[in-house]
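# Notes for the structure review
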Amino acid sequence: MKFTAVVLLIVGIGSMFGQMLSIDSIDATIGEEKIFLNTGAEPWELEADFFNVYRDTAPIFYWTQIDSDKLLPNRAFTADYTDDFDDPFWPDYVGSSKGIGDTLVNLFYVVSAVDSLEPSFRLSNCAGEYDQGMKSSSTAGSVNFISIPTYDERWTNASDLSEFGVSTVQEWHAVTQTWLTVGVEVVSGVWSPDDPLQLSHVYRVSGADIPSETIFTTSTPGIVPSTDTTYSLHSDNVFGNQNVIMLPFQTAYIDGIDDCASLEASIVATGADEILSVERWNSATKTWELVGSKLPVGVWSPNGELRPGLPYRIRLESTSPVNWPLN
């Protein structure tokens, strides 16, 4: 039942593009890294000769994002395509990593159908793999914060995270400034409640015994949302002004959000007064670390870099709730 619900959602997105790109699986074995893609159709079914495959470290939504260094040299002549990194581009990633299972690098793909007689400028949906670290210890605690940045049929309900030893899943409620439980394992294997995990939402997970870093990956099928989730951001003199968000992919590209100042500009444009600070969770130290702080003179210092897809905690000043982003 869970799988069926995800498939219906994905097909709805793909129908807008005429083809559905998805990730079948990934191989993170060092030295043997591969990503197995499926274009959702054979080229001839789209009256094309082959597919061009494009890869980037950020989601691709528009033709204007594509240039020659994103085009992989091997064409796709069938629905199945394997990216085995047999190209000159991957050494440019952080530390020459190929990006699979790497929290510093994420890989995203689109394809276009190519007919030698009638070129097409339609792109498929974007699919990608996104990695986040989880860690716990007897001294530092078991709390981790993860987002659900891309569709993944493996993580549909809170109980699915029990694979990592998680026994409690919570989500921030900005109005009351409290964490609400969306999933808890009451006895071994029995969860109540066991709510769905929602795309672009951030979850506080705990109960896991993870002595060394474990990678939480969303990649199967890894569909990047075509529209961003809208957050209701709150600031209240009684309850407080904390908000927990995932930096949305498409808004980050359109609004040019790459640091705290540009995030503030985007949110203020929807009606907020200002942002006072931005923090990022450190799974090793179990603390929210300051990424950026607004000085009384209106200058950000520091003005740290932000990455789309990651969870952030922001302190907001606003006379009334604002909805951000406005799709």
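Read on for an overview of the structure. (Residues numbered from 1 in each chain as written. Predicted model: local features only at pLDDT ≥ 70, side-chain atom pairs only at ≥ 80, totals over all residues. Heavy atoms only, no water.)

Another point: the overall build of the protein chain. Looking only at helices and strands, the protein chain features 3 helices and 19 strands. A compact globule built from 327 residues would reach a C-alpha radius of gyration of about 20 Å, and the protein chain, at 21 Å, matches this within 12%. Residues counted as buried form 52% of the 327 residues belonging to the protein chain. In the protein chain, the share of contacts with a sequence separation of at least 24, taken over all contacts with a separation of at least 6, comes to 70%. Here the protein chain holds 16 positive side-chain charges and 44 negative ones, and the gap between their average locations is 6 Å. (Helix = DSSP H or I, 4+ residues; strand = E, 2+ residues; numbered from the N terminus. Rg over C-alpha atoms; globule rule 2.2 N^0.38 Å. Buried < 20%, exposed > 50% of the residue type's maximum accessible area, 1.4 Å probe, protein only. Contact = heavy atoms within 4.5 Å. Lys, Arg positive; Asp, Glu negative; His and termini not counted. Charge placed at Lys NZ, Arg CZ, Asp CG, Glu CD.)

What follows covers the environment of Gly256. Within the element layout of this structure, Gly256 appears in the loop between α2 (249–254) and α3 (260–268). Taking C-alpha positions, Gly256 is 25 Å from Ala174, a pair spaced 82 residues apart along the chain.

In this fold, Ser235 is placed in the loop between β13 (231–233) and β14 (242–246). A polar contact is formed between the side chain of Ser235 and the backbone oxygen of Leu316, at a distance of 2.9 Å. With sequence-adjacent residues up to four places away left out, Ser235 is seen in contact with Gly240, Asn241, Leu316, Glu317 and Ser318. (Polar contact = N/O pair within 3.5 Å; in protein donor to acceptor, adjacent residues only side chain to side chain.)

Spatially, 5 strands are ordered β14-β18-β15-β16-β17 in an open sheet, and the strand pairing comes out antiparallel. This sheet does not close on itself; its edge strands, each paired only once, are β14 and β17 (300–303). Going from strand to strand, the sheet's axes swing by 35° on average, the running direction of each strand aside. Two strands pair when backbone bridges link them, and strand β16 (residues 287–294) and β17 are joined in this way by 2 bridges, in the antiparallel orientation. Each residue of the ladder has a partner; that of Gly292, found in β17, is Asn303. (Pairing = 2+ DSSP bridges. Axes fitted to C-alpha atoms, helices over the stretch in contact; angles between N-to-C directions.)

Of all the positions in α3, only Cys260, Ser262, Leu263, Glu264, Ser266 and Ile267 are classed as buried. Between a side-chain oxygen at the N-terminus of α3 and the backbone nitrogen of Ala261 the separation is 3.4 Å; the capping residue is Asp259.

Quick look at a nonpolar patch on the surface now. Together, Tyr62, Tyr253 and Ile254 give the surface a local cluster of nonpolar side chains, amounting to about 290 Å² of exposed area. The residue Tyr62 is located in the loop between β3 (50–56) and β4 (80–83) in this model. (Patch = residues over 30% accessible without salt bridge, like charges linked within 9 Å, V, L, I, M, F, W, Y side chains within 5 Å. Areas by Shrake-Rupley, 256 points an atom, 1.4 Å probe, with all protein chains shown as cover. Salt bridge = Lys/Arg side-chain N within 4 Å of Asp/Glu carboxyl O.)

This paragraph deals with the sheet that holds β3. If you trace the 4 strands from one edge of the open sheet to the other, you get β3-β5-β6-β12, paired in antiparallel fashion. The open sheet terminates on both sides in strands that have one partner only, identified here as β3 and β12 (214–218). Strand-to-strand twist of the sheet, defined as the mean angle between neighbouring strand axes without regard to direction, takes the value 20°. Inspection of the sheet shows strand β6 (residues 127–134) paired to β12 by 5 bridges, in the antiparallel sense. When the bridges of β12 are listed, Met134 appears paired with Thr214.

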